[in-house]
Every structure is written in structure tokens, then in C-alpha cells.
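# Reading the structure
These are the residues of each chain, in order.
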Amino acid sequence: MSDRIPPQDHPAYEIIGGATRSGLVILCDHAQASIPAEYGNLGLPPEQLARHIAYDIGVETVSRTLAAALDAPAVISRFSRLLIDPNRGRDDPTLVMRIADGALVPGNARIGENEIRERIERFYVPYDSAIESTLAGVAATRVPVVLAVHSFTPEMKGIARPWHATVIWDFDPRFNLAVLRALESEPGLIVGENEPYQGGYQGDTMDRHCLAHGYPHALVEIRQDLIATETDAKGWGERLAHLVRPLLDDPALRERAWFGAHPPPRTRRQIA
Ligand SMILES: [Zn+2]
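Residues numbered from 1 in each chain as written. Predicted model: local features only at pLDDT ≥ 70, side-chain atom pairs only at ≥ 80, totals over all residues. Heavy atoms only, no water.

Scanning all chains against the criterion turns up four aromatic pairs. A ring pair is formed by F79 and F123, whose centres lie 5.3 Å apart and whose planes are at 40°; its orientation type is tilted. With F79 in the loop between β6 (74-77) and β7 (99-100) and F123 in helix α4 (residues 113-139), this pair connects stretches of sequence that are 44 residues apart. Using a relative accessible area of 1% as the deciding quantity, one classes F79 as buried. Under the relative-accessibility criterion, F123 is labelled buried at 4%. Where Y197 meets Y201, the ring centres are 6.3 Å apart and the plane angle is 5°; that geometry is what we call stacked. Comparing Y197 with Y201 shows no difference in burial state: the two are buried. Chaining the aromatic ring pairs together yields one cluster made of Y39, F79, F123 and Y127. (Phe/Tyr/Trp six-rings, centres within 6.5 Å; stacked < 30°, edge-to-face > 60°. Helix = DSSP H or I, 4+ residues; strand = E, 2+ residues; numbered from the N terminus. Buried < 20%, exposed > 50% of the residue type's maximum accessible area, 1.4 Å probe, protein only.)

Structure follows, in C-alpha cells:
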């Protein structure tokens, strides 16, 4: 039993070290657009890799700022969601996207089972195991409280998205609703619940690592134009740290609790 999670480097992930005492663990599934050279950018031009289809713009800086401000461990993925999406179940048809927001991904278009298995072993499993081991390390001190940081594109299929930040959740209200209410208390913020898409997916990160273990969790989505610069992303990281810090004292977060129909499988939700 240790009071700190040590930092760790791996080609597929980075663990930012932090204290275990608050229970908080930050997860950043879509931190980077990195694709190893041998994949030839999956046949995409560089401008496509700079878009939201390759990663969640701004979230790495938000997550690093949060981790530093709260001295909490964070697990950061180091591969593009276009290679394989760690926020999906292994059987999910969107695990490897053939078309992403209108862009055909040539390197994925005719991908076979073997190649998918290779990417699972090279990227998905190491990142997944890093989350698992970090949560287990924290659980030796107290029940982990997970904050997953994502970002969404300001416009999808010609429709503008008004929310500045949202919380996406399905079953466990404890930390999700606490974070949602804290965001709503911020003057001038337009906050959405289960926007711009509905709830979770069976087998996604929150499902595998939190609902399955009874750990309280929240998934925050921030609109990408608000965190597109380093300065703005740091500002949002500090803002979230300020909002989240007092919530971690809630006794409801100190116990494991099971919500929804876990472990029986749940119905898939709408994909946005
Ligand atoms: Zn994301």
C-alpha cells in the first residue's frame, strides 16, 4: 500500500504520478493524435489528423493541469482513436472507425480481424491495463473516484452545439451529478446533460473500469473551441480542479456501489 501512484512511461500510455488520498484518478482516453510511422497516417492527409476525428482537441492539457492542481494520478493515452478507440468495448463495431465524421479512413477501410487484434494488443490492452493498475493502486488507500476528460467538436453535420461543457452518464449519479451541478453553478456556462450524445456504451471506459467495480465516476466533455489553445486549456483545467476539489469529500464517494444492470449486458445507446 502506497500513498502515491508513481509516474510511468509506455509507448501506448503515460501515467502521471499523484497522491492516492483523495481517490481521484483522471483518465484521458483521446489525448493525442499520434500514429506510429509504419501506419502511414492510415492514408489520411495531415489536415485530417489535426481534426477532432483523430483525438479530443485540448483534453491532454486540461488533464495535465487537473492532475497537477489536485495532485491526482492521471492515465493519458498516446495513440489516436483512429487506430483503435480505447473508449469502446472490444466487440463494438466502432472500435476501429472506417469512416469518421464524413472522412473515409483508408488505413481502416478494409481492416481484417488480425490487424484489429494486433492493434488491441499494441495499444488498447496496455492502456486498459494502465487504468486497471492505477485504479487498483488507489483502491488500496480508498475507493477511486474517476474523472474522464473528453472534448467535442463545436459543430457536427452542420449543426452548432451550444453547450460549453457537458456530463455524459447513464447509471451512477453520485459523481456525475455532483460535477454536473458544479458546472451549472458557474455563471455564464451553458451546461448539457448527456449532450451532444446520449449516455454511455456497453463496454466503454466508464463501463469497464467504473460501473463494473462500483467506483463513482464522471465523464466531462468540453467544447473544443474553448480549449483549443494551451492557455485556454490550462484555464479550463484549473476551473475544473476548483469545481471538483470540494466534491471529493462527499461520503457517498467513499463506497463502492453498483448501479444499472451490471454485470448483465445493457442496451446500446444512440451514437452521435
Ligand atoms: Zn473523447
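From this point, the narrative continues.
A separate point is helix α2 (residues 59-70). In a regular helix each residue adds 1.5 Å, so twelve residues correspond to 16 Å; α2 covers 16 Å between its end C-alpha atoms and thus fits that length. Buried within α2 are the following residues: V59, E60, T61, V62, S63, T65, L66, A67 and L70. Where α2 is buried, its residues meet β3 (13-16), β5 (24-28), β6, β9 (145-152), β14 (217-223) and α7 (230-244). One or two steps after α2, the chain reaches D71, where phi turns positive at roughly 45°. (Expected span 1.5 Å × (residues − 1). Contact = heavy atoms within 4.5 Å.)

What follows is about empty space enclosed by the protein. All chains considered together, the criterion is met by one cavity of 30 Å³ or more. Its volume calculated, the largest cavity comes out at about 120 Å³. Lining the largest cavity are 16 residues; nearest its centre among them are I168, G200, D204, M206 and L219. Secondary-structure elements contributing two or more residues to the lining of the largest cavity are α6 (205-211) and β14. No other element matches α6, which puts three residues into the lining of the largest cavity. When grouped by side-chain class, the residues that make up the lining of the largest cavity number seven nonpolar, five polar and four charged. (1 Å grid on protein atoms, 1.4 Å probe; cavity = no way out; pocket = protein on both sides within 12 Å on 5 of 7 lines; lining within 4 Å. Points joined across faces, edges and corners; volume = space filled by probe spheres on them. Nonpolar A, V, L, I, M, F, W, Y, C, P; charged D, E, K, R; others polar.)

With that settled, consider the sheet that holds strand β13 (residues 191-193). Hydrogen bonds between backbone groups are what pair the strands of a sheet, and the pairing can be parallel or antiparallel. Ordered by their spatial adjacency, eight strands build an open sheet running β2-β3-β6-β5-β9-β14-β12-β13, and the pairing between neighbours is mixed. Two strands close off the open sheet at either side, each with one partner strand: β2 (8-10) and β13. Averaged over all pairs of adjacent strands, the angle between their axes in this sheet comes to 20°, without regard to strand direction. Relative to β6, β3 runs antiparallel, the two sharing four bridges. From the neighbouring strand, Y13 faces β6, where its bridge partner is S77. The strands touched by helix α5 (residues 173-184) are β5, β9, β12 (165-167), β13 and β14; relative to β14, the strand with the most contacts, the crossing angle is about 35°. The sheet contacts of α7 involve β5, β9, β12 and β14, and relative to β14 the element is tilted by about 150°. (Pairing = 2+ DSSP bridges. Axes fitted to C-alpha atoms, helices over the stretch in contact; angles between N-to-C directions.)

Right, let's talk about the layout of surface pockets for a bit. Roughly 160 Å³ of volume is contained in the second largest pocket. Here the lining of the second largest pocket is composed, by residue class, of three nonpolar, one polar and six charged.

With respect to the helices and strands, G40 occurs in the loop between β5 and α1 (46-49). Look at G40 and you get partly exposed, because its relative accessible area is 46%.

For the rest of this paragraph, the subject is the packing of α2 against α7. It is the contact of α2 with α7, at a shortest axis distance of 8 Å, that shows an interaxial angle of 45°. The pairing of α2 with α7 is recorded here as oblique in orientation. Along this stretch, α2 crosses α7, giving a crossing that reads as right-handed. Between α2 and α7, the contacting residues are T61, V62, T65, L66, A69 and L70 on the first element and E230, A233, K234, W236, G237, E238, L240, A241 and V244 on the second. (Parallel < 35°, antiparallel > 145°, perpendicular 65-115°, else oblique. Left-handed = near helix turned anticlockwise from the far one by under 90°.)

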